Amino acid sequence: MYPVHRLGQRLELRELQADDADAVFAIYGSEAATEHLSFEPRTLDEVRQIVTRSIETAKATPRSEYALAVVERSTRALIGFGRLALDPHQPGGATMGFALRPVSWGHGYGVETVRLLLALGFEELGLHRIWGARSPVNEASAKAMTRAGMIEEGRIREHVRKGGAWRDSVVHAILDREWTAQGK
């Protein structure tokens with residue numbers, strides 16, 4: 001499916017564009033924004049490569065990854081990055097993740113971003129199960145996924161190596177019938 005364009009109440013998901021690299025760098029280059037992610041802050045050059053690769057893979061057939069810009073509708077500013085990746089080992093399954101600029105935290109944008117990604121997965125891609133993993137101490141992500149209807153399923157022990165140490169991840173997931181029952 002290309003191009004993706006999904007509207008929420010205050011946000012939209014859209015395909016990444018070449019000139020989004022600086023805005024994505026404000027997220028992926030930020031210590032605060034990447035504190036709970038699975039990687040260290042990226043350089044601007046690394047972010048440019050990520051954006052370029054995401055643009056190229058968006059047109060693949062079949063498409064297996066949806067790396068998307070999260071845009072504030074009122075300002076047209078890119079405030080986040082969302083990703084939905086189909087799992088080749090679990091037909092009908094995908095992982096999701098998201099990150100927002102620190103200045104956009106605390107406004108409910110995380111919940112809306114998760115709901116937009118889930119809607120894409122269930123309503124447009126016909127998925128059965130979508131899951132995401134978070135750092136055990138990332139309470140904001142836990143709240144966003146829970147408020148979007150995802151269920152905390154458990155802990156993957158020493159799942160991520162970051163900063164020279166192993167870290168657990170907490171898994172949240174939702175099934176298509178649970179999404180439908182919410183009336184989204």
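### Here's the deal with helix α3 (residues 44-57)
Next, step 1: Between its first and last C-alpha, α3 extends 20 Å over 14 residues, near the 20 Å set by a 1.5 Å rise per residue.
Next, step 2: Looking only at α3, the buried set comprises V47, I50, V51 and S54. The buried residues of α3 occupy an angular sector of 95° when projected down its axis, which confines them to one face.
Next, step 3: Along its buried surface, α3 packs onto α1 (21-28), β3 (65-72) and β4 (78-86).

### A few points about helix α4 (residues 109-124)
The periodicity of an α-helix, 3.6 residues per turn, causes residues three or four places apart in sequence to face the same way.
Next, step 1: Spanning 16 residues, α4 covers 21 Å between terminal C-alpha atoms, matching the ideal 22 Å at 1.5 Å per step.
Next, step 2: Judged by how many residues are buried, α4 sits mostly within the fold: 13 of 16 residues are covered.
Next, step 3: Positive phi appears at G126, one or two residues downstream of α4, with a value of about 65°.

### A look at the environment of P91
Next, step 1: Mapping P91 onto the fold places it in the loop between β4 and β5 (93-100).
Next, step 2: With 55 residues separating them in the primary sequence, P91 and T146 have C-alpha atoms 24 Å apart.

### A closer look at the sheet that holds β5
Next, step 1: Pairing is mixed in the open sheet, where eight strands are placed in the order β1-β2-β3-β4-β5-β6-β8-β7. Of all strands in the sheet, those with a lone pairing partner are β1 (5-7) and β7 (151-162), marking the two edges. For this sheet, the mean angle separating the axes of adjacent strands, direction not counted, is 25°.
Next, step 2: Across five bridges, the pairing between strand β2 (residues 11-15) and β3 is antiparallel. For E15, the partnering residue across the bridge sits in β3 and is L68.
Next, step 3: Where α4 meets the sheet, it contacts β1, β2, β3, β4, β5, β6 (129-134) and β8 (165-175), and its direction lies at approximately 155° from that of β5.

Parameters and conventions
For every chain, the first residue of the written sequence is number 1, and numbering continues from 1 onward in sequence order. Two thresholds apply to this predicted model, a pLDDT of at least 70 for residue-level local features and 80 or more for giving and counting side-chain atom pairs, whereas whole-chain, interface and lining totals are computed over all residues. As a rule here, side-chain values come from all non-hydrogen atoms in the structure, and water together with hydrogens is ignored. To qualify as a helix, a DSSP run of H or I must reach at least 4 residues; to qualify as a strand, a run of E must reach at least 2; elements of each kind are numbered from the N terminus. Expected span of a helix: the number of residues minus one, times 1.5 Å. Each residue's exposure class comes from its accessible area (1.4 Å probe, protein chains only) as a fraction of the maximum for that residue type: buried when under 20%, exposed when over 50%, partly exposed otherwise. Comment: arc refers to directions from the helix axis out to C-beta atoms. Whether two residues touch is decided by their heavy atoms; if any such pair falls within 4.5 Å, the residues are in contact. Two strands are said to pair when DSSP picks up at least two bridges between them. Only the stretch in contact is used when a helix axis is fitted, and all axes are lines through C-alpha atoms; the angle between N-to-C directions ranges over 0 to 180 degrees.

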